[in-house]
Structure formats: structure tokens, C-alpha cells
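Residues per chain, in single letters:
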Amino acid sequence: MKQSVIEEIFAMDVFNDAAMKEHLPKPVYKKLKETIEKDVELDPEIASAVAHAMKEWALERGATHYTHWFQPMTGITAEKHDSFIAPTGDGGVIMEFSGKELVKGEPDASSFPSGGLRATFEARGYTAWDCTSPAFLKEDAAGVTLCIPTAFCAYTGEALDKKTPLLRSMEAVSDQAVRILKLFGHDEVDTVSCSVGAEQEYFLVDREKYLKREDLIFTGRTLFGAMPPKGQELDDHYFGSIKERVASFMKELNEECWKLGILAKTQHNEVAPAQHELAPIFSTANIATDHNQLIMELMKKVAKRHGLECLLHEKPFDGVNGSGKHDNWSLVTDTGKNLLDPGKTPHENVQFLLFLAAVIQAVDENAPLLRMSASNPGNDHRLGANEAPPAIISIYLGEQLEDVISQLVETGEAKSSKQGGRLKTGVHTLPDLNKDATDRNRTSPFAFTGNKFEFRMVASSMSVAGPNTVLNTIVAEVLSNMADELEKADDFDIAVHDLIKKTLSEHQRIIFNGNGYSDAWIEEAERRGLPNIRTMVDAIPSLTDEKTIAIFEKHHVLSKAELQSRAEIHYEAYAKAINIEAKTMIDMVSKQYIPAVISFITKVATSINQVKMACAEADTSVQEELLKKCSNLLTDAKKELEELKINTNKAGEKTNGKEQAEFFKDVVVPIMEQLRAAIDYLEMLVGKEEWPVPTYADLLFEV
Ligand code: ADP
Ligand code: MG
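Residues numbered from 1 in each chain as written. Chains lettered and ligands numbered in written order. Predicted model: local features only at pLDDT ≥ 70, side-chain atom pairs only at ≥ 80, totals over all residues. Heavy atoms only, no water.

**Q** In this structure, what is going on with the coordination of the magnesium ion (ligand 2)? I would like to understand it.
**A** Tetrahedral coordination by four donors puts the ideal angle at the metal at 109.5 degrees, and octahedral coordination by six puts it at 90 or 180 degrees. Ligation of the magnesium ion (ligand 2) by protein atoms is provided by Glu199 (OE), Glu199 (OE) and Glu454 (OE), these donors lying 2.3 to 2.6 Å from the ion. A residue pair is termed long-range when its members are at least 10 positions apart, and Glu199 in strand S10 (residues 192-206) and Glu454 in strand S18 (residues 453-455) qualify at 255 residues. (Donors = N, O, S within 2.8 Å, 3.2 Å for Na, K, Ca; no water. Helix = DSSP H or I, 4+ residues; strand = E, 2+ residues; numbered from the N terminus.)

**Q** How should the packing of helix H10 (residues 244-259) against helix H11 (residues 285-305) be read in this particular structure?
**A** Helix-helix packing is characterised by the crossing angle of the two axes and by the distance between the axes. Running from N to C, H10 and H11 cross one another at 140°; their axes reach a closest spacing of 9 Å. Taken together, the axes of H10 and H11 lie oblique to each other. Every pair of crossing elements has a handedness; the one defined by H10 and H11 is right-handed. For the pair formed by H10 and H11, the contact residues are Phe249, Glu252, Leu253, Glu256 and Cys257 on the first element and Ile295, Leu298, Met299, Val302, Ala303 and Arg305 on the second. Of the residues belonging to the contact of H10 with H11, the class tally is 8 nonpolar, no polar and 3 charged. (Axes fitted to C-alpha atoms, helices over the stretch in contact; angles between N-to-C directions. Parallel < 35°, antiparallel > 145°, perpendicular 65-115°, else oblique. Left-handed = near helix turned anticlockwise from the far one by under 90°. Contact = heavy atoms within 4.5 Å. Nonpolar A, V, L, I, M, F, W, Y, C, P; charged D, E, K, R; others polar.)

**Q** I would appreciate a short explanation of the site of ligand 1 in the present structure.
**A** Close to ligand 1 lie 13 residues; Ser195, Pro280, Phe282, Asn328 and Ser330 are nearest. Phe282 places a polar main-chain atom, nitrogen or oxygen, 2.8 Å from an oxygen atom of ligand 1. For ligand 1, the protein covers 74% of the area, taking 550 Å² as the surface of the free molecule. Elements supplying a minimum of two residues to the shell around ligand 1: S10 and strand S15 (325-333). The leading source of residues in the shell around ligand 1 is S10, at 3 residues. Here the residues of the shell around ligand 1 are counted per class, giving 3 nonpolar, 6 polar and 4 charged. (Near = heavy atom within 4 Å. Polar contact = N/O pair within 3.5 Å; in protein donor to acceptor, adjacent residues only side chain to side chain. Areas by Shrake-Rupley, 256 points an atom, 1.4 Å probe, with all protein chains shown as cover.)

**Q** How should I be thinking about the packing of aromatic side chains in this particular structure?
**A** Geometry of an aromatic ring pair is reported as the spacing of the ring centres plus the angle between the planes. For the structure on display, the rule yields 19 aromatic pairs. Ring plane angle 55° and centroid distance 5.9 Å describe the contact between Tyr202 and Phe249, whose orientation is recorded as tilted. On the criterion of sequence distance, the pair formed by Tyr202 in strand S10 and Phe249 in helix H10 is long-range, its members being 47 residues apart. Per residue, the accessibility class of Tyr202 equals that of Phe249, and both read buried. Connected via pairs of aromatic rings, a cluster forms that spans Phe352, Phe446, Phe448, Phe453 and Phe455. Stacked on the ring of Phe663, the Lys or Arg Lys654 has its end atom at 4.9 Å from the ring centre. (Phe/Tyr/Trp six-rings, centres within 6.5 Å; stacked < 30°, edge-to-face > 60°. Buried < 20%, exposed > 50% of the residue type's maximum accessible area, 1.4 Å probe, protein only. Lys NZ or Arg CZ within 6 Å of the ring centre and 35° of its normal.)

**Q** In this structure, what is going on with the pattern of salt bridges? I would like to understand it.
**A** Close approach of charged atoms lets side chains of opposite charge pair. If you walk through the whole model with that rule in mind, you get 36 salt bridges. A salt bridge links Glu56 to Lys55, with the nearest nitrogen and oxygen atoms 3.6 Å apart. For Lys55, a relative accessible area of 8% puts it in the buried group. The residue Arg207 makes a salt bridge to Glu309 at a minimum N-O spacing of 2.5 Å. Of this pair, Arg207 sits in helix H8 (residues 207-210) while Glu309 sits in strand S14 (residues 308-311), and the two are 102 residues apart along the sequence. If you follow the salt bridges from partner to partner, you end up with Arg207, Lys300, Lys304 and Glu309 in one network. (Salt bridge = Lys/Arg side-chain N within 4 Å of Asp/Glu carboxyl O.)

Geometry only, nothing functional implied.
This is how it looks when you write it as C-alpha cells:
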């Protein structure tokens, strides 16, 4: 049978299982597989053999360099390339790549944010091979490079990246889930892996127009821009037919993804004009994280080839839908069973209900931390705005499941026992969820969607490592406490029933199936005592509160020092982002908008004079009113501009990270909004020809 194009190119640039099988001696392959599957340490001899095979494989494909590819706290990926060359002594070179070079790197990389960790401990930073994520090839103008996915740590082992805690959290949740499964008699399960499918939303705009907007170039979003006459109100873009230029972009993006073994599956137009989405098929959390980073990188790269620019920012345009990343999450055993699948047999359902209850409790107890894990400066503009979940964490379960839960909570054993006899945990009332799983509820930040949870609050441009690290860790904590309790129980069946009932009753407040976009929900959530943390800065303290530290230290995911360093990094990242935005605004207003408005009003003034000169009785009231309005707004803009300059400088003088971030949020951001309001108003008055930058209409409707 003829192979399809996809089968031919799929994973051709990845040193995956098939490639390893082909290129490694059998015993080496077996040992490596063991390391990957059983989480044991890698033997140095095996590392040498793997390095050799990997190098040969890469050289055959034209590689000249290798790099340890890592994910520092900037949220994007980093790489430093080394060529394979080694001198032979007779003036020539051979291609070398040792086991040591594969396993460990010392990129120095001291300029990446460490939140003080490297100053207090040791300046060195190391990268360590994550052999559970396959090496791959990247091709660009510099040639072909062998990329080795790695974790990035300080000399003393503190995590300096997003990957290390993710890997640790995956182990934690696996250990605790296995404990629970043993209680259910599943001795055959050795490990549980966390599976993730990250749906990526993005915007595409014309690159030439993009290059005319400093705000897009420097900050990834428009800092100014009045709404065009048409926005997204017609919903004619959502799932609409895909335009030629975008289609050819998508075709190439898919091919690039497939070559890297990324399971690019679904593509469609999103709600906002110029907005699209790509969803891959889910995979293990760390691989899904790597792949999502690569997807974002490829989107940017491929867009340029098509004369487009890809915007990954959470809110590139005010007033239209923002971009998120829907993080689909579930737990799967090494025997292939999805623990969040409601299943069909009562026994399986009890187990499902326990895991479901654990997730509900974990989310309710750690809502601020979960909210933090989805935060970045851009997402502050998205959460609670058009077509985006609010900043309040709640869980959507769908009617059927909610009904089961309220029956369990309200009536317990006796009442649900409709057919008489003893009822185990009321599962007889659990309807077959597979049929009509759940209704779609797009307004929930955390929705159960049939056999997984979909965390929709996540910011589009951020790494999914953070959200999944938090999810794994908080669920591990609840499972661990549940296992402690159940392991002690005399009658497991009764104990598990009571535990499910107790957990669901205590945490029912987090379940909300209504419209999360409505104002009524905000009030209702307040009544229920659910936190509504509106900004990233307000969410950061959850990283270092006592409960978080206790949980993260208990499961060896992050130490207190690591958590504190992360909080510092977030404050700093926020301050930096707003500082850049403020400075960009200052620049654009001073050099583009004010001169443009002056030139426009001068034109209007000249016209008034000329009309008057030509005909003294002519009515120039329209021009005069325009002149007055524009001049007044110009005065407003200038006043806000000066305020912004003064306060951005003031913010810059603050030395405490938290205080600085708070000053930016409370003082600088509101001035930015005022300044924007004046300029946006002017945009609606000033003639199109005079306006110095492409408008929302140009950017959103002309791809
Ligand atoms: P929906 O359209 O309801 O969001 P899809 O079936 O299209 O659901 O899946 C959306 C994303 O969720 C995809 O990336 C998919 O691979 C992923 N996904 C599906 N099942 C799981 C699972 N068990 N664990 C994690 N992700 C999953
Ligand atoms: Mg979805």
C-alpha cells in the first residue's frame, strides 16, 4: 500500500523509539527503554552508546551542531549550539559527541532569571538530558542542529527552569495515584502518567502592517487602537472557511509539526477575526510541553515565510476575543487506563468518583495557586474580558455528573439505593456518560469534558509546564492524604464511600455549571467564598504561602527557596513587561501620534482660514468643532503622557520586586489606560490618511 505523505514525513526529524531501535545495539536499546519507563538512573556506558548512535543519525541528516535545549524561567526555550568537531592532531577534524556531552551540559546561561537562586547558592547552571523526551533536529539558516531536551538546574540541584518541577510533579502524582490503585486491587499498575493536550490559539496578521506597529513588535499586543465598525459580533469567523494565505500557512505548519513528531490534529478559525487554533493529540505531559513550545516557535517561523506574523499574546486586540491555551489534562496508567474515564462497571466508577473527588478537592483548596499557574501579564487583559473565563476558578462537570454528585451528597447510601440491596457509593445512579458525555460549556475555566479536565484559563503564550506542575502536585497531595486514610480503613468499601461523600460535600461550592461570563456568577462566587484574583500580581503570593510550601516540599516538587525564587521571577517579569509597554507607549505617542494629530489639526486650521478667506459668511462650525475636540484630546494625551513618563521612572527606582510590580499595576497601568483612551478617541476623529499606523480594521480583516 502506498504510504501517505504524512506517514512518510511523520517524525522524520526525531530520534524516537523507532529510530533508537534501528540505530542502537539491542542491549543498549533495552537498557535505555528501562531507564525511560521505570524512572531509573542512566548508566554512563549506555549514555556513550546512545550518544554515538544519535550523532551518526544526526550526521546522516546533515547536522553540524548539537544543543541542549532547555526551558528557562523566561517561558521560552533556550539553546546554545556546539559543533561536533574535534581536532585530530594532524590538522583535520572528526565528528565527536560523547555520552557526557549528551547527558550533561554547562551552558553557563547566567543571564536567565533565577530569582536570586544563583546568587545565594552557586553561579553555575547545568543542563541534564531528559531521556523521556526524544531528541530532534532543527533546521534553519545556520544549518541542521541536533536538539537534546534537557532540564536546567543550579549546581546544588535547584531548578532553574520549568521542566524540572514538571518532571518531579509527574513522579509525585504517579506515586500517589499508584497507592490508590493498589487499594482498588490494581497491582498490575507500576506508574501513572499525566497526559496533556494543549490547544493553542493564535492570531495571524499581515507582516508588513505588523512592522509598522511598534507596540506589536515590542510587546506583542496593540497598546492603542479603536474598534473597527465590525468586530466579532457576527460570529462569522468562528469555524469559518479558511482563507488561502492562512490555509497555506496551516499546511506548512502541519508539515513542520509532523516532521518533529508533533501530533498536529485539528485546525480551525477561532472566534475573533484573524484568530485561529491548532490542537495536537495529547501526549505525556513533558512531551506535550516540549511540543507546545515547538508549536509556538514554528508558528512564528512559518508565518514569516507567508508574509504573516503570528501573535501569541493573550490579548493582541482590545475588545475582541483573546487567546488562551486549553490545557487538557488527565491521568493514565501504564496499562493504558484513563483514570478520569467514568467507565461502565460500578467498581470502576467508584474508582473514577474517587479520582474525580480528588481533583475537585485539589482545585477548591488551591484555587489561588492554580490561578497563579495560568497567569502572565498578558492574561490580565484576557481573563474576565470578551469570551474568556473569569479570574474565578470553578469547575464545570456537566449536568449528569453534577446530578450524581448532588445525589451522593444529599441522599447518601440509602436514598440512591433504588433497586434495594446494599449500594456501593451510589454508583448505580451513575448514568452512562459516554453517550451524551457533557454539554459544551465554553465559559468555565476548568471543565470536565468526558474523560479529562480542560483548564481553559491558561495564557496563550506561556509554557504549559507551570499549570501542569501545579495540577499534578495538588492532586498528588489530595491523593496522598486519601491513601493515608484508606490504607488504615477496616472496610475499604465503606471507607471509600464515606470519603467520596465527605470530599464532595466539602468542596461542592467549586462546582458551577452556569454561565461563567455573567455578572451574576461573580456575585454568586463571592457568596460561595471563591477567590476572585483579578491580576497576576495579586496571585503571586499564593506561590509562597505556607500551604503551598508544605505541599510542594512534601512531594519534592519545589523547595521553599525555589518557590520564593519563582515568586521573585514573576514580580520581575511583570514589572519588565509593563515597563516595556509604558516605554513603547511613550515612544509612539511622542513620535507618531502627537505629530500626526498636530499635522491634522494644522490642516483643519488652514482649511478654516482658507474657507473664511474665500467666503466670510461660510459656516465652518464643523471644522471648528473638530479642531477644538482634537486639540482638547491632544492636551489630555500630552498630560497623560507626562504622567506616564514620571511614574514609569518612579517605578524604575523601586528596588523591591513586589513593591515595584504593585506600583506598575496600581499606578502605571491605569495611566496607560487613560493615555490609550485619549489616543483611541483621536483615532476616530483624525483622517485615515493622517493616521500614522495601521488600524484594527487593517490588521484584523486584511489577511
Ligand atoms: P474538545 O473539542 O471537547 O475540546 P477534543 O477531543 O477535541 O475535545 O480534545 C481537545 C484536546 O484534548 C486535544 O488536544 C486532545 O488530544 C486532548 N485530549 C483528549 N483526551 C485527552 C486525555 N485523556 N488527556 C489529555 N488530553 C486529552
Ligand atoms: Mg477544547
